[in-house]
Amino acid sequence: GREHALSLARHGAKVVVNDVGGAVDGTGGDRSPAEQVVAEIVAAGGEAIANAESVADFHGAGRLVQAAIDAFGDLHVLINNAGILRDRMLVNMAEDEWDAVIQVHLKGTFAPSRHAAGYWRDRSKAGHPVNARIINTTSVSGIYGNPGQTNYGAAKAGIAAFTQIAALELARYGVTVNAVAPVALTRMTENLGPAPETDDERDARSPRWIAPIATWLASEESAAVTGRVFEASGRFLAVAEGWVRGPSTQPIDDPTQIGSVVEGLLAGARPNSGMDGVPGSPPQPQA
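Rules used in this analysis
Residues numbered from 1 in each chain as written. Predicted model: local features only at pLDDT ≥ 70, side-chain atom pairs only at ≥ 80, totals over all residues. Heavy atoms only, no water. 1 Å grid on protein atoms, 1.4 Å probe; cavity = no way out; pocket = protein on both sides within 12 Å on 5 of 7 lines; lining within 4 Å. Points joined across faces, edges and corners; volume = space filled by probe spheres on them. Helix = DSSP H or I, 4+ residues; strand = E, 2+ residues; numbered from the N terminus. Nonpolar A, V, L, I, M, F, W, Y, C, P; charged D, E, K, R; others polar. Pairing = 2+ DSSP bridges. Axes fitted to C-alpha atoms, helices over the stretch in contact; angles between N-to-C directions. Contact = heavy atoms within 4.5 Å. Salt bridge = Lys/Arg side-chain N within 4 Å of Asp/Glu carboxyl O. Buried < 20%, exposed > 50% of the residue type's maximum accessible area, 1.4 Å probe, protein only. Core = buried A, V, L, I, M, F, W, Y, C linked by side-chain atoms within 4.5 Å. Patch = residues over 30% accessible without salt bridge, like charges linked within 9 Å, V, L, I, M, F, W, Y side chains within 5 Å. Areas by Shrake-Rupley, 256 points an atom, 1.4 Å probe, with all protein chains shown as cover. Polar contact = N/O pair within 3.5 Å; in protein donor to acceptor, adjacent residues only side chain to side chain. Parallel < 35°, antiparallel > 145°, perpendicular 65-115°, else oblique. Left-handed = near helix turned anticlockwise from the far one by under 90°.

K.L.:
Can you help me understand the layout of surface pockets in this one?
P.N.:
To locate leftover empty space, one rolls a probe as large as a water molecule over the atoms. Approximately 970 Å³ is the volume attributed to the second largest pocket. If you trace the second largest pocket, you find 29 residues lining it, with Ile143, Glu241, Gly242, Trp243 and Val244 closest to the centre. Elements supplying a minimum of two residues to the lining of the second largest pocket: helix 5 (140-145), helix 6 (150-170) and strand 7 (237-240). Counted by class, the lining of the second largest pocket contains 15 nonpolar, 10 polar and four charged residues.

K.L.:
Looking at this structure, I do not really get the sheet that holds strand 5 (residues 175-182). What am I missing?
P.N.:
Two strands in a sheet stick together by hydrogen bonds in their backbones, pointing the same way (parallel) or opposite ways (antiparallel). With respect to topology, five strands assemble into an open sheet ordered 3-4-5-6-7, the strand pairing being mixed. The open sheet is flanked by strand 3 (77-79) and strand 7, the only strands paired with a single partner. On average, each strand axis in the sheet is inclined to that of its neighbour by 25 degrees, with strand direction left out of account. Pairing analysis gives four bridges linking strand 5 to strand 6 (residues 229-232), with the strands arranged parallel. Across the sheet, residue Ala181 finds its bridge partner in strand 6, namely Glu231. Strands strand 3, strand 4 (132-137), strand 5, strand 6 and strand 7 of the sheet are contacted by helix 8 (residues 211-218), whose axis makes an angle of about 150 degrees with strand 4.

K.L.:
So what exactly am I meant to see when it comes to the pattern of salt bridges here?
P.N.:
Pairing between side chains of opposite charge can happen when the charged atoms of each approach one another. Inspection of the entire model under this criterion finds nine salt bridges. Among the salt bridges present, the one from Glu97 reaches Arg88, with a minimum N-O distance of 2.4 Å. For Arg88, a relative accessible area of 37% corresponds to the partly exposed category. The partner of Arg121 in a salt bridge is Asp122, with the nearest N and O atoms 3.4 Å apart. The exposure class of Arg121 is partly exposed, given its relative accessible area of 30%.

K.L.:
Is there a simple way to think about the nonpolar core in this case?
P.N.:
The nonpolar side chains of a soluble globular protein tend to be buried, and buried together. Val15, Val17, Ile41 and Val180 are the most contacted members of the largest nonpolar core, which totals 19 residues. Those residues in contact with Val180, other than ones at most four positions away along the chain, are Ile135, Asn136, Thr137, Thr138, Ile210, Ile213, Leu217, Phe230 and Ala232. Counting 18 residues, the second-largest nonpolar core is a separate cluster that includes Val65, Tyr119, Trp120 and Leu170.

K.L.:
Can you walk me through a nonpolar patch on the surface in this structure?
P.N.:
A contiguous nonpolar patch, built from Ile252, Ile258, Val262 and Leu266 and spanning about 310 Å² of accessible area, is present on the exposed surface. Inspection of the secondary structure assignment puts Leu266 in helix 9 (residues 258-267).

K.L.:
Help me out: how do you make sense of the side chain of Ser222 in this one?
P.N.:
Within the secondary structure layout, Ser222 lies in the loop between helix 8 and strand 6. According to the relative accessible area criterion, Ser222 is buried, its value standing at 0%. Engagement of the side chain of Ser222 in a polar contact is seen with the backbone oxygen of Ser219, the distance being 2.9 Å. Those residues in contact with Ser222 that lie beyond four places of it in its chain are Arg133, Thr176, Trp216 and Leu217.

K.L.:
Hey, could you run me through the packing of helix 4 (residues 95-125) against helix 6 in this one?
P.N.:
When two helices pack together, you describe them by how their axes are tilted relative to each other and by the distance separating the axes. Between helix 4 and helix 6, the shortest axis-to-axis distance is 8 Å and the interhelical angle comes to 15 degrees. Compared by their axis directions, helix 4 and helix 6 come out roughly parallel. Relative to helix 6, helix 4 is oriented so that their crossing is right-handed. Facing Glu97, Trp98, Val101, Ile102, His105, Leu106, Thr109, Phe110, Ser113 and Ala117 of helix 4, the residues of helix 6 in contact are Thr150, Asn151, Tyr152, Ala154, Ala155, Lys156, Gly158, Ile159, Phe162 and Leu170. Residues that form the contact of helix 4 with helix 6 fall into these classes: 12 nonpolar, six polar and two charged.

Here it is in structure tokens:
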């Protein structure tokens, strides 16, 4: 989020930096992370304000969107990037560990988007031209799957689907909706997996590699791109391809006859991708 905000400000955006400043598991709160980013932007000659509303609270998300409009007179871009982790294997996961992650990631994407979309719809219906952007944050854990993250992965897969559907719905109002699946060391992910051992490894996992695609998606140049998911890291920039129909056959109304048919379908189908996005590769846990 910090790199997104700094990059957008460098390219002329007026930024509302939202962060409740909680711990990795979502508990607590601290305005200073958002205020520090605002101070950096202002020191560099940009315009920004800090905001500590929780995007998982529907009304708080509405106040966040309104804060941008009140401060800067309009709203052009929403980046949904809030996240927490409560990693646990499914057989050990508690209900609150599921609920908290779904609340922050999935509802925390819906709520600001709903308020922003309502604002843009009203502007469009009033005859004002709209050229707006929603940029969501999904994950390779959601689109490919990572053991120990059924809650996080389900939320992130939901965000990818949300992105595609919202893109279809909001095109009529001049709004594009895309998502980024980043791999980077941030305040949330820095303690996951082995620490990078070399300068090259550290650079490859720097959040600075994520900000360029987010900034471009926020620009007018990206007006023709919507409903897509981009993987981004210091190793590559890629378009993730969604679910496609694989081998198929005529429907069968007898379950005793399906086994051999399914076996044939699976023999001709690509296996699921691993965390590296390659079909058939083994799971590779990562942020």
